[in-house]
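Residue-level structural notes
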Amino acid sequence: MCQVTFPAVLDRDSDARSSSCPQCSPAKQGAHMKILLCSENVPPQVNGIARRIGMYAEGLEKLGCESNLTYNKLTPSNSLLDEELLHPGSGLSSVFKHVNPWNFTAQMMLIHPLCLYRLLTTSYDVIHLVMPANLSGMWILAMFKVVRCLRRESKPTLVVSWHCNIVDYIQHFSIGPLRYLGYFFFYLLFGMLPLISDRVLTPTKKSEPHLVRMWKRRNGKTCSGVCFTGVNKSEFSPKSLESTWGKTWLAAKEKFLSQEKKKYLIVCVGRLSPEKGVEELIRTMPMLQECALWLVGDGPFRPELERICRNLNVPVKFLGYQSGDALHSVYAVADMFVCPSQTETFGQTVNEALASQVRVALPNVPVFAEAYGEVIPQDAFWKPLDREDMARAISKQLERHAAQERCSLPDLNKLKSWEDAAKSLLEEYNQASRDRQHTFTFFAALYFPMWWIVTISTVVSFFLFSVIRTWCGGSVRLFFKTAAEDAIIKVQSLHRLPSFPSFNSLQQSDRTEKKKQLRKCRSE
C-alpha cells in the first residue's frame, strides 16, 4: 500500500517516550508502536494525494527525531515477514496491479489473499487507510475490525482519511436519473467504512460533508477530524527566482509576453482533466485583454483544451508536467495564480502559490472559503461558473499587483508546515483511539456479505474500465468525439471533390449505348 520511497511502517519504542511532547503520545500503551499507512497513491506518482502521503511520512520521521522516537525505514523483500509495506509494484506474490482508469499516472491494486492473511497476523497500533477507491485497503480495514472484535482487543486503531470529493464528481458528470444511481452506488460501496473504522479525516472540515455525516454515532458525536495539508516554505519561496530555473522561467516569460503583446502572466498548475475547470479559465481569457496564461501539468483533457485555445485564439502555453526546482520557481515568476477547480478537497497548488508570495484568485466554494478565507481578500473569490465574475476577481488582484499593495499579499505565518501537519495527524490518531468501537452492530453483520459482493464486483468493473480507457488512449469521451470529428471531416472532403456525372446518369448512358449497338446488329 505504500511506496518504498518513504516509510510506511513506523516503529516506536515506548520506553523512549517523552512526556514533554503530548502530541506524540501513543494511541496504545505497549512495548512499541506501529503505524501502517495504506495508500495506492504514493510518491513518485504525480498527484496531490501521493505528495501529501509522502510528506506525512517524512513529517512523522522528523517528529521522531525531535521526541526521541525511532522510525525504521523498511524496504520490500522476497519474505513477507520482512515486507512491512505494499504497493502496486510489490510483485504478483503480494498484489495484482492495473492502471488507474481515472489517472494514468497512478496504479490500482488487488491484494493477494495470502498477503492479507500475513498482514492480519502482524500487530499494529494504527491502521491508516487512504481513500478513495482503495478497495484492497477497505478489505484490510474490515478484516482487522473483525479480528479486533473476535479477540476483544483494543488495537489496532482504525483510521480513514478521505482525499477526494466523489459526490461533487457525481454531480459534475452524471445527468438526470444517473445521478441518483451514482449516489446509491456511492453509499452502497462506502457505507461500510463508518462501521469498520473509528474516525474519518478530511483535508478541511467542509470536504465531502455527505460522507463525514456517516460517522455520526448514537450519542450524537461525529467521529471526524482534519488531516491538514502543509507546504515546504523553503522550496516554494520568492527566492526561487534566483535559481537557474527561476532565471530560465523569467526569460521565457518576458519572451512570451512580448510575442503575445501582453502585460501580465497568469499561471495555473494542476492535472488537465474536465473536473479541474481549466476550460472555464481558458474561455475567460478573452475578457482579460492584458493577460497570457501558462498551464503547468498534463492529463487526458489536454488535446481538447489545445483545440479550444486554437479556436478562441487566446495566448495560452502548455508547459506539461514540471517537478523539482522547475516547479518551485514557475510559481514565483507568475503575476497571478488561478485555481479554477470546484472539486478540490484542499487545493495544494494554492498553498504552494501563496508560499511563493503570489496573489491568488479562487472560486467561492466551501472548501476554498474555509481553507483560504483568512489568507486572501474576499473579492479574490468569484462566483462558480460565472466567467464575468472570474474575470473581475482576477483583474482586481492584478490591480493590486500593479500597485504593489502589501496588504493583499498572503501571510506566511498562516500557512502550516508539513511538520505541523504531522503533529496534527498524531493528535488525530490519539483521538481515534479514544473513539474506538469494540463491537460489530447487527446491521453491519447483515450488510457485511453484501458489501463484499459489491466490492468484488467493483474491482472487476474498475479493471475492465481501465482496459477500455487504455484502448481508447486515455479518454473514452475524447476517443468517440475525435472519431466523430474525423468522420465529419472525411464527409466534408468528399463534398469538396470535383463534380462528376451521377451514377444513375452513367447507367442511363450505358443502357442507351447498348440499345444503339443492339439495333445496329439487328439491321446488319
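Each chain carries its own residue numbering, running from 1 in the direction its sequence is written. Local features in a predicted model are, by the rule used here, given only for residues with pLDDT of at least 70; side-chain atom pairs are given and counted only at 80 or more, and totals for whole chains, interfaces and linings are based on all residues. Calculated side-chain values reflect all of the structure's heavy atoms, with hydrogen atoms and water omitted.

Describing the pattern of salt bridges
- For this document, the term salt bridge refers to a Lys or Arg side-chain nitrogen within 4 Å of an Asp or Glu carboxyl oxygen. In total, this model carries 16 salt bridges according to the counting rule given.
- Taking the shortest distance from any N to any O, the salt bridge between Asp-379 and Arg-400 comes out at 2.7 Å. Residue Asp-379 is found in the loop between helix H13 (366-372) and strand S14 (381-382), and its partner Arg-400 is found in helix H14 (residues 387-403); the two are separated by 21 residues along the sequence.
- Connected via shared salt-bridge partners are Arg-199, Lys-221, Glu-428 and Asp-435. Only runs of H or I of at least four residues qualify as helices and only runs of E of at least two qualify as strands under DSSP, and these elements are numbered from the N terminus.

Overview of helix H8 (residues 244-260)
- Multiplying 1.5 Å by the residue count of a helix minus one yields the expected span of that helix. In this model, H8 (17 residues) spans 25 Å end to end at C-alpha, consistent with the 24 Å of a helix rising 1.5 Å per residue.
- Residues Gly-246, Trp-249, Lys-253, Phe-256 and Leu-257 constitute the buried set of H8. One side of H8 carries all its buried residues, which in axial view fall inside an arc of 95°. Counted as exposed and oriented over 90 degrees from the buried face of H8: Thr-244, Lys-247, Glu-254, Lys-255, Ser-258 and Gln-259.
- By definition in these notes, contact holds between two residues if any of their heavy atoms fall within 4.5 Å. Packing partners of the buried residues in H8 comprise strand S9 (264-269), strand S10 (291-296), strand S11 (316-320) and helix H11 (324-332).
- Phi turns positive, to about 60°, at Lys-261, one or two residues after H8. Exposure categories follow from relative accessible area, calculated using a 1.4 Å probe and restricted to protein chains: below 20% of the type maximum is buried, above 50% is exposed, and the middle band is partly exposed. Note that the arc is defined by the directions from the helix axis to the C-beta atoms.

Notes on the nonpolar core
- Of all hydrophobic cores here, the largest spans 46 residues; its most connected members are Phe-190, Leu-193 and Trp-451.
- With 36 residues, the next largest nonpolar core counts Phe-256, Ala-292, Ala-334 and Ile-376 among its residues. Grouping buried Ala, Val, Leu, Ile, Met, Phe, Trp, Tyr and Cys residues that are joined through side-chain atoms within 4.5 Å yields what is termed a nonpolar core.

Some remarks on the environment of Gln-322
- Checked against the element boundaries, Gln-322 lands in the loop between S11 and H11.
- Contact partners of Gln-322, with chain neighbours within four places excluded, come to Trp-249, Val-296 and Leu-327.
- In the analysis that follows, any N or O atom pair within 3.5 Å is treated as a polar contact, provided that within protein one partner can donate a hydrogen and the other can accept it, and provided that, for residues neighboring in sequence, both atoms belong to side chains. A distance of 2.9 Å separates a polar atom in the side chain of Gln-322 from the backbone oxygen of Leu-319.

Quick look at unusual backbone geometry
- Omega for the peptide link from Met-131 to Pro-132 comes to 20°, which places this bond in the cis form.
- Inspection of the secondary structure assignment puts Pro-132 in the loop between strand S5 (126-131) and helix H3 (135-151).
- Here the residue pair Lys-155 and Pro-156 is connected by a cis peptide bond, since its omega of 5° sits within 30 degrees of zero.
- Following the sequence through the fold, Pro-156 ends up in the loop between H3 and strand S6 (157-162).

Details of the environment of Leu-398
- As for its placement among the helices and strands, Leu-398 is situated in helix H14.
- Residue class for Leu-398 comes out buried when judged on its relative accessible area of 4%.
- Measuring from C-alpha to C-alpha, the distance between Leu-398 and Val-360 comes to 9.5 Å, with 38 residues separating the pair along the chain.
- The residues touching Leu-398, leaving out its near neighbours within four places in the chain, are Tyr-264, Cys-291, Asp-335 and Met-336.

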